[in-house]
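Reading the structure
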Amino acid sequence: MSEVPQVTVRKVTRADLLAVHRIEQECFGQPWPYDAFENLLDEPAFLVAERDGAIAGYAVADVTPNFGRDVGHLKDIAVHPEARGEGIGRRLLRSTLVRLRAQGAMVVKLEVRAGNDPAKALYRSEGFEPLRRVPRYYQDGEDAVVMVLDLAEWDGPRS
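Described below are features of the structure shown in this document. (Residues numbered from 1 in each chain as written. Predicted model: local features only at pLDDT ≥ 70, side-chain atom pairs only at ≥ 80, totals over all residues. Heavy atoms only, no water.)

Two faces, one strand: in a regular strand the side chains alternate between the faces of the sheet. Taking burial as the measure, the seven residues of strand β5 (residues 107–113) include five buried ones, the bulk of the element. Sheet topology places strand β4 (residues 71–79) next to β5; four bridges connect them, and they run parallel. Looking at β5, one finds that Gly72 is bridged to Val108. Chirality of the crossover, the property in question, places the unit of β4, helix α3 (residues 88–102) and β5 among those that are right-handed. Summarising the sheet, β5 and strand β7 (residues 144–150) pair through seven bridges and their orientation is antiparallel. Each residue of the ladder has a partner; that of Val107, found in β7, is Asp150. (Buried < 20%, exposed > 50% of the residue type's maximum accessible area, 1.4 Å probe, protein only. Helix = DSSP H or I, 4+ residues; strand = E, 2+ residues; numbered from the N terminus. Pairing = 2+ DSSP bridges. Right-handed = clockwise from strand over helix to strand, strands pointing away.)

What follows is the structure in structure tokens.
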């Protein structure tokens, strides 16, 4: 998969939130409300991917202290449907993992829909391993798969 060279991954700004929310609505049947993104605006690992001057995707993650083994949590990641297949999701994921490691996270966890095979394949390709299945995690009754990555074993962005 080739990445588009004119994609920039950067920290979100307040001016980006409407575009982020629109992508959220486009990508998910049960989207987060706008104010959820507003509340996370100051998170160091709230990133956007900008392609040709427009927001093409985003990732939101945070770090929770955990007795010296702080845990990063990838809360949300999405790429606009028209921008998929260009490596944007992978760039966002890798940039988020770098930020989480810089913030002291030792482990990163995420929840993904059990039926979202493309997302699970992306996470596995970066070293995430399934930990457990959570029955009826989502409002529509679909199970979630909790996946984890030990950042000490992650060798960072690969070409």
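A few words now on helix α4 (residues 117–125). Where α4 is concerned, the buried positions are Ala119, Lys120, Leu122 and Tyr123. The arc enclosing the buried residues of α4, seen along the axis, measures out at 160°, which places them on a common side. Of the exposed residues in α4, those oriented more than 90 degrees away from the buried face are Asp117 and Pro118. Close packing links the buried residues of α4 with β4, α3, β5 and β7. One side-chain oxygen at the N-terminal end of α4 lies 3.1 Å from the backbone nitrogen of Ala119; it belongs to Asn116. (Arc of directions from axis to C-beta. Contact = heavy atoms within 4.5 Å. Polar contact = N/O pair within 3.5 Å; in protein donor to acceptor, adjacent residues only side chain to side chain.)

Its location among the elements puts Gln103 in the loop between α3 and β5. Exposure remark for Gln103: the relative accessible area of 43% places this residue in the partly exposed category. Each C-alpha atom of the pair Gln103 and Leu41 lies 16 Å from the other, and the pair is 62 residues apart in sequence.

A few words on the nonpolar core. Leu74, Ile88, Leu92, Leu93, Leu97, Tyr123 and Phe128 are the most contacted members of the largest nonpolar core, which totals 30 residues. For this core, the secondary-structure elements that each account for two or more residues are β2 (45–51), β3 (54–64), β4, α3, β5, α4 and β7. Examining the composition of this core, we find that five residues originate from one element, α3, more than from any other. Residue contacts for Ile88: discarding those within four places in its chain leaves Val7, Ala49, Arg51, Ala56, Val79 and Ala83. (Core = buried A, V, L, I, M, F, W, Y, C linked by side-chain atoms within 4.5 Å.)

Before going further, it helps to examine the sheet that holds β5. Within a sheet, neighbouring strands are paired by backbone hydrogen bonds and run either parallel or antiparallel to one another. Reading across the sheet, the seven strands line up as β1-β2-β3-β4-β5-β7-β6 and stay open at both edges, with mixed pairing between neighbours. Of all strands in the sheet, those bounded by a partner on one side alone are β1 (7–11) and β6 (129–134). For this sheet, the mean angle separating the axes of adjacent strands, direction not counted, is 25°. Here β2 pairs with β3 via seven bridges, running antiparallel. The residue bridging Glu50 from the neighbouring strand is Ile55, located in β3. Contacting β2, β3 and β4, helix α1 (residues 17–27) crosses the sheet at an angle of about 90° to β3. Relative to β5, α4 is tilted by about 165°, and along the sheet it contacts β4, β5, β6 and β7. (Axes fitted to C-alpha atoms, helices over the stretch in contact; angles between N-to-C directions.)

Quick look at α1 now. Residues Leu17, Val20, His21, Ile23 and Glu24 constitute the buried set of α1. The buried residues of α1 occupy an angular sector of 160° when the element is viewed end-on, so they sit on one face. In α1, the exposed positions that point more than 90 degrees away from the buried face belong to Arg22 and Glu26. Of the surrounding secondary structure, the elements contacted by the buried residues of α1 are α2 (34–39), β2, β3 and β4.

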